[in-house]
Amino acid sequence: MIDKYEGVIGLEVHAQLLTDSKIFCSCSTKFGNEPNINVCPICLGHPGVLPVLNKKVVEFTVLMGLATDCTINERSIFARKNYFYPDLPKGYQISQYEEPACEFGVIEITLPDSTKKKIGITRIHMEEDAGKSIHDSGYSTSVDLNRCGVPLIEIVSEPDMRTSSEAYFYLSRIKQIVQYLDICDGNMEEGSLRCDANISVRLRGETRLGTKTEIKNMNSFRNVERAINYEIERQIDILENGGNIIQETLLWDADKNKAFSMRSKEEAHDYRYFPEPDLFPVFVDKEWKDEIAALLPELPFQRRNRFIDSFNLPEYDAEILTQYKDIADYYEKVISSTNDYKSASNWVMGAVLKVMNEEKIEIKNFPISANHLADLINIINNKTISGKIAKEIFPEMLKENKHPLDIVKLKNLVQITDTTAIGIVIDNVLSKFPNEVEEFLSGKEKVFGFFIGKIMQETKGKANPKIVNDLLREKISSTKRIME
Amino acid sequence: MSVTRKDVEHIAELARLKFKDEELQNFTEQLNEILAYMEQLNELDTENIEPLSHTIEGGNVFRQDVVKPSLDREHALKNAPDEDDVFFKVPKVIPGA
């Protein structure tokens, strides 16, 4: 029944820009300071003050526009968005409405089945953040205006997404791009990246849009997915029961796993935008645009493609390694000391990411240097140790900042590659288990593993697995010949 | 263009203003007089003229991204009707929260 419908999703993403000072005044943008210390008459909205635009905000916005293939408008203007809320002392937010900074862009997402989809960007505009209301203290609401005037960009997508998973990958892509550009730290939990979703549903094949609702207050990637699924199901339910969707704003409640109508009066949406008389239009001519374009770093999709082309990595690996810039940097440091690109990828995607997730550490604080990890791979490849021993050494390397070879020597773990020595062990094992040898010879291939286990036990895991494998097969087969 | 009494009530609501009956009547008439006066502008042909948001449009006016000292908190809170030395205090915004 649900299959006859499809969801139509557009996202509005707010990204807090990593400038030092606010968008229209010289107060600090620092997060987590004592309340109400980064404020001045301008961001407090005192009468008679004038805002002056921070140049870096324009540069960061244009960077994002260029990274998402937007048209960078030569002229853009600010507008007042009027509404009353205690965390907005001026009674209006300075934003952009007509003539935003950037328009008509596109972001390509990769879905889990590796298909790609282009999501249109309607516009990217500059605006100021509001302060913070703290509702849980006593009979009044406490207001902290430190955040008031912190620069934001709002990235508005076309309604091009059809599922919550597409929305998830689109949002991840935005986070990835702003982190690569180093214009926003992309932390949803701390609110430096925020997302509102416009959602409607329609019968498959229908081209017109249904009535949409807007969901706010989804402060994690997981909540964005859950809230969108919830809302699509709710709307289908209403339509299936013959009802109509009411255009409204809903607040996501993560604890209850439900969205609640804000039930605000119609008036709340009458923002009466008009051009901001206190600020001049912003002009980004070709010369300045080119200057900013020269600052563009390698973008995530470019890096992913380079990883595929230059290091011969599968697309899956390249996508994961380039998800975070600093992990991609770490990987590139590893492969500057080893030419086994695929093993390096396996170690970083596997063991390294696992430890990072479990221990909640960032790659910049990862206890194993890229050099040491590269050498671990190298000493496996030159047969000093086996892959199995490497897995034992890895936790030791995590504990203390030692070169893998030092640990190998200290623990006497150097791999045994001497065929004579290994041959003696194999002969011993075979003579201890004549019954099992019989079994193997009568066709029970499984027993082979049993012998491998015994031999590894005898050599404390230090015997080179390939040599053990080859030699064991050779020796058992010759036993066979003797018995015949 | 003209406004009705209902429009005036709406504008008053948006501005959080409360008016008496006769005031609403009065403002509706006055606003319509102002609008009628402004109607004169429509006599001009503006077909090929770009909208203007500022009477002077020069080049860009920017600040560099440099932090300068803010107000100290005591001064920042000084004009607030209610505060607790740390926060601005306002009536509960979300009832029941």
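Residues numbered from 1 in each chain as written. Chains lettered and ligands numbered in written order. Predicted model: local features only at pLDDT ≥ 70, side-chain atom pairs only at ≥ 80, totals over all residues. Heavy atoms only, no water.

A. Just the overall build of chain B, in detail. Of regular secondary structure, chain B possesses three helices and two strands. In sequence order, the secondary structure elements of chain B are arranged as α-α-β-α-β. By the compact-globule yardstick of 13 Å for 97 residues, chain B is too spread out, its C-alpha radius of gyration being 23 Å. Considering only C-alpha atoms, chain B reaches an extent of 55 × 50 × 25 Å along its principal axes. For chain B, with 97 residues in total, the buried portion stands at 18%. (Helix = DSSP H or I, 4+ residues; strand = E, 2+ residues; numbered from the N terminus. Rg over C-alpha atoms; globule rule 2.2 N^0.38 Å. Buried < 20%, exposed > 50% of the residue type's maximum accessible area, 1.4 Å probe, protein only.)

B. Representation of the interface of chain B and chain A. Taken together, the contacts link 36 residues of chain B with 56 residues of chain A. Across the interface of chain B and chain A, roughly 3,900 Å² is buried in total on both sides, 57% from carbon and sulfur atoms. Inspection of the chain B/chain A interface yields one salt bridge. A salt bridge links A:E34 to B:R73, with the shortest nitrogen-to-oxygen separation between them at 3.5 Å. For the pair chain B and chain A, the number of links is 21 residue pairs in polar contact (both at pLDDT 80 or more). Counting only elements with at least two residues in the side of chain B that touches chain A, the list comes to α1 (5-14), β1 (62-63), α3 (73-77) and β2 (88-91) of chain B. With four residues, β2(B) is the largest single contributor of residues to the side of chain B that touches chain A. (Contact = heavy atoms within 4.5 Å. Buried area = accessible area lost by both parts, 1.4 Å probe. Salt bridge = Lys/Arg side-chain N within 4 Å of Asp/Glu carboxyl O. Polar contact = N/O pair within 3.5 Å; in protein donor to acceptor, adjacent residues only side chain to side chain.)

C. A negative patch on the surface, seen in detail. Together, B:D72, B:E74, B:D82, B:E83 and B:D85 make up a negatively charged patch on the protein surface. Mapped onto the fold, B:D85 is located in the loop between α3 and β2. (Patch = residues over 30% accessible without salt bridge, like charges linked within 9 Å, V, L, I, M, F, W, Y side chains within 5 Å. Areas by Shrake-Rupley, 256 points an atom, 1.4 Å probe, with all protein chains shown as cover. Lys, Arg positive; Asp, Glu negative; His and termini not counted. Charge placed at Lys NZ, Arg CZ, Asp CG, Glu CD.)

D. Layout of a nonpolar patch on the surface. Residue and element names in this part refer to chain B. On the surface, a cluster of nonpolar side chains totalling about 610 Å² of accessible area is made up of I11, L31, I34, Y37, M38 and L41. Here the nonpolar patch gets four residues from one element, more than from any other, and that element is helix α2 (residues 21-39). You can see M38 is positioned in helix α2. Among the residues examined, M38 registers a relative accessible area of 44% and is labelled partly exposed.

E. Inspection of the packing of helix α13 (residues 434-441) of chain A against helix α14 (residues 447-458) of chain A at higher detail. Residues and elements named next belong to chain A. In contact at an axis separation of 9 Å, α13 and α14 are set at 145° when each is read in the N-to-C sense. When α13 is examined against α14, the residues E436, V437, E439 and F440 are found in contact with a partner set consisting of V447, F448, F450 and F451. Within the contact of α13 with α14, the residues separate by chemical class into six nonpolar, no polar and two charged. (Axes fitted to C-alpha atoms, helices over the stretch in contact; angles between N-to-C directions. Nonpolar A, V, L, I, M, F, W, Y, C, P; charged D, E, K, R; others polar.)

F. Looking closely at the sheet that holds β2(B). Strand order in the open sheet formed by three strands is β9(A)-β10(A)-β2(B), with antiparallel pairing between adjacent strands. For this open sheet the edge positions go to β9 (132-134) of chain A together with β2 of chain B, each flanked by a neighbour on one side alone. Taken over all neighbouring pairs, the strand axes of this sheet differ in orientation by 35° on average, direction set aside. The sheet contact formed by β9(A) and strand β10 (residues 140-144) of chain A spans three bridges and is antiparallel. Looking at β10(A), one finds that A:S133 is bridged to A:V143. (Pairing = 2+ DSSP bridges.)

G. Inspection of the packing of aromatic side chains at higher detail. Residues and elements named next belong to chain A. Scanning the entire structure with this criterion turns up 18 aromatic pairs over all chains. Taken together, a centroid distance of 6.1 Å and an interplanar angle of 65° make the contact between F311 and Y331 edge-to-face. Here Y331 lies in helix α7 (residues 325-334) and F311 lies in helix α5 (residues 300-311), a separation of 20 residues in the sequence. In this structure F311 comes out as buried when scored by relative accessible area, which is 11%. Take Y331: its relative accessible area is 0%, and that puts it in the buried class. Measuring from ring centre to ring centre gives 5.2 Å for F433 and F450, while their planes differ by 85°; the resulting arrangement is edge-to-face. With F433 in the loop between α12 (419-432) and α13 and F450 in helix α14, the pair connects residues that are 17 residues apart, well separated along the chain. Judged by its relative accessible area of 22%, F433 falls in the partly exposed class. Here F450 falls in the partly exposed class, since its relative accessible area comes to 30%. Among the aromatic side chains, those forming a connected cluster through ring pairs are Y83, Y97, Y271 and Y273. (Phe/Tyr/Trp six-rings, centres within 6.5 Å; stacked < 30°, edge-to-face > 60°.)

H. Local environment of the domain arrangement of chain A. All names here are of chain A. In terms of domains, chain A is made up of domain 1 (2-292), domain 2 (300-410) and domain 3 (419-483). The interface is formed by ten residues belonging to domain 1 together with ten residues belonging to domain 2. Of the charged contacts, one joins K116 and E315 as a salt bridge, the two residues approaching to 2.6 Å between their closest N and O atoms. Taken together, the links from domain 1 to domain 2 amount to six residue pairs in polar contact (both at pLDDT 80 or more). Those elements giving two or more residues to the side of domain 1 that touches domain 2 turn out to be β7 (102-110) and α2 (164-181). If one sorts the elements of the side of domain 1 that touches domain 2 by residue count, α2 sits on top with seven residues. (Domains from an automatic or database assignment.)

I. Main features of the nonpolar core. Residues and elements named next belong to chain A. L11, M64, I155, Y170, I174, I183 and I228 are the most contacted members of the largest nonpolar core, which has 66 residues in total. The element that contributes the greatest number of residues to this core is helix α1 (residues 55-67), accounting for eight residues. Contacts of I183, omitting those with residues within four sequence positions, involve Q16, L17, L18, F60, L63, M64, I153 and V178. Counting residues in each nonpolar core, the second largest holds 38 residues, with V334, W347, I379 and V408 among its members. (Core = buried A, V, L, I, M, F, W, Y, C linked by side-chain atoms within 4.5 Å.)

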